[in-house]
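Descriptive structure summary
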Amino acid sequence: MIELIQSWRCFDGEQRVYRHDSKSTGTPMEFAVFLPRRALNGEECPTLMFLSGLTCTWENMVSKAGSQRAAAEMGMIIVAPDTSPRGDDVADDDGWDMGKSAGFYLNATQEPWAKHYRMEEYITQELPEILEEHFPIDLSALGLTGHSMGGHGALTLALKNPGLFKSVSAFAPIVNPINCPWGEKAFSGYLGEDRSTWANYDACELVKSRGWKGRILIDQGSADGFLEEQLKPWVFEKVCRDEGVDLTLRMHGGYDHSYYCIASFMQDHIAWHYDELV
């Protein structure tokens, strides 16, 4: 059962926020959904899911990304889930790059994280079932995108679930978390010290082991302060080239890691996914 907690009229559609009790995380979870007029009229629409990054919730994307106008014009549903389980009994970390707001879209295996941090299961199993039950969504036309940690989630979850996600793109994604500080900290905590288990959540390793039959779009700002140490898109570019995966990596001079960059290219991503899904 889902509960509508907020709703706004927007570009002749509605921007809504729902809450429900999650079986995957064992906590209440919230997600935002933009419904264009076609969806409000009961017509099935292609759907794009956006995964947010470190420190974020669904609200960052809804209020800053500028997705609603393009989605309304194209008749696309946009879904923005939260980034982690939340609640007083949910494990957390003193840093901003792990714990609440930093679930890394994986299923944790180590304590104290394993009980609630099951974001992979939530995104790939529970949430799609909820969306299909309550909204005019055709799961055969479902795409996935995201920013930073959410870009990591978009790439890894799509690569592992090509039957569910028919298109994938990302903004400034963490493409090789097994070899960057953010990923090494999170994976050590969530998955343990056995690095052989980490490859299942690394986009570079997944392209090598699983490939991808479709296209991939990535937008990255050249003035991103995290580019050299954390993001390293050229590593993913080389892996895709070696494995014959059709990647378009667009580098944008002067753009940083913020939602100003996302808003500048969000319409491009929505149009790109629409072409892939319809």
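Each remark here, short or long, concerns the structure printed above.
Residues numbered from 1 in each chain as written. Predicted model: local features only at pLDDT ≥ 70, side-chain atom pairs only at ≥ 80, totals over all residues. Heavy atoms only, no water.

Time to look at the overall build of the protein. What the protein contains, in helices and strands, is 10 helices and 9 strands. A compact globule built from 278 residues would reach a C-alpha radius of gyration of about 19 Å, and the protein, at 17 Å, matches this within 12%. Each principal axis of the C-alpha atoms in the protein carries an extent, and together these give about 50 × 40 × 35 Å. In the protein, which comprises 278 residues, the share counted as buried stands at 60%. Counting only contacts in the protein whose residues sit at least 6 apart along the sequence, the fraction spanning at least 24 positions is 70%. (Helix = DSSP H or I, 4+ residues; strand = E, 2+ residues; numbered from the N terminus. Rg over C-alpha atoms; globule rule 2.2 N^0.38 Å. Buried < 20%, exposed > 50% of the residue type's maximum accessible area, 1.4 Å probe, protein only. Contact = heavy atoms within 4.5 Å.)

The omega torsion of the bond from glutamate 111 to proline 112 falls at 5°, within 30 degrees of zero and hence cis. Residue placement: proline 112 occurs in the loop between strand E5 (77-81) and helix H4 (119-134). Despite not being glycine, tyrosine 105 has its phi angle at roughly 55°, a positive value. With respect to the helices and strands, tyrosine 105 occurs in the loop between E5 and H4. Overall, tyrosine 105 belongs to the buried group, its relative accessible area being 0%.

The next subject is the pairing of strand E8 (residues 215-221). E8 sits mainly inside the fold: 6 of its 7 residues count as buried. Relative to E8, strand E7 (residues 167-171) is paired through 4 bridges, and the arrangement is parallel. When the sheet's bridge partners are listed, valine 168 is paired in E8 with isoleucine 216. In this sheet, strand E9 (residues 246-252) lies alongside E8 in parallel orientation, the contact comprising 7 bridges. When the bridges of E9 are listed, glutamine 220 appears paired with methionine 251. (Pairing = 2+ DSSP bridges.)

Attention shifts here to the sheet that holds strand E1 (residues 2-10). Note on sheets: strands pair through backbone hydrogen bonds, and any given pair is parallel or antiparallel. Across the sheet, 9 strands lie side by side as E1-E2-E3-E5-E4-E6-E7-E8-E9; this open sheet has mixed pairing. Each end of this open sheet is capped by a strand with a single partner; those strands are E1 and E9. Across this sheet, the average inter-strand angle for adjacent strands is 20°, counted without regard to direction. Against the sheet, H4 contacts E1, strand E2 (13-21), strand E3 (28-35), strand E4 (45-51), E5 and strand E6 (137-146), and its axis sits at roughly 50° relative to E3. Against the sheet, helix H10 (residues 259-277) contacts E4, E5, E6, E7, E8 and E9, and its axis sits at roughly 170° relative to E7. (Axes fitted to C-alpha atoms, helices over the stretch in contact; angles between N-to-C directions.)

Take the pattern of salt bridges next. Side-chain pairs of opposite charge can arise whenever the charged atoms involved come near each other. Tallying each qualifying case throughout the model produces 17 salt bridges. Its salt-bridge partner being glutamate 3, residue arginine 19 comes within 4.0 Å of it at the nearest N-O pair. Taken together, the residues span a long stretch of sequence, with arginine 19 in strand E2 and glutamate 3 in strand E1 at a distance of 16 residues. Residue class for glutamate 3 comes out partly exposed when judged on its relative accessible area of 43%. Among the salt bridges present, the one from aspartate 12 reaches arginine 37, with a minimum N-O distance of 2.9 Å. (Salt bridge = Lys/Arg side-chain N within 4 Å of Asp/Glu carboxyl O.)

Attention now moves to the packing of aromatic side chains. One pass over the full model with this rule turns up 13 aromatic pairs. With a centroid separation of 6.4 Å and 45° between ring planes, the pair formed by phenylalanine 50 and phenylalanine 171 is classed as tilted. Of this pair, phenylalanine 50 sits in strand E4 while phenylalanine 171 sits in strand E7, and the two are 121 residues apart along the sequence. Of the two residues, phenylalanine 50 and phenylalanine 171, neither departs from the other in class, the shared state being buried. Through a chain of ring-to-ring contacts, three or more aromatic side chains come together here, namely Phe104, Phe187, Trp198 and Tyr201. (Phe/Tyr/Trp six-rings, centres within 6.5 Å; stacked < 30°, edge-to-face > 60°.)

Within the secondary structure layout, glutamate 120 lies in helix H4. By relative accessible area, glutamate 120 is classed as buried at 12%. Every residue in contact with glutamate 120, bar those within four places of it in the chain, is listed here: Tyr105, Leu106, Asn107, Gln125, Leu157, Lys160 and Tyr201.

Let's shift gears to the environment of tyrosine 18. When you line up the elements, tyrosine 18 lands in strand E2. Taking the relative accessible area as the measure of exposure, tyrosine 18 reaches 7% and is therefore buried. Between the C-alpha atoms of tyrosine 18 and alanine 114, which are 96 residues apart in sequence, the distance is 25 Å. Those residues in contact with tyrosine 18 that lie beyond four places of it in its chain are Ile2, Glu3, Leu4, Ile5, Met29, Glu30, Phe31, Val33 and Phe135. Separated by 2.9 Å, the side chains of tyrosine 18 and arginine 16 make a polar contact. (Polar contact = N/O pair within 3.5 Å; in protein donor to acceptor, adjacent residues only side chain to side chain.)

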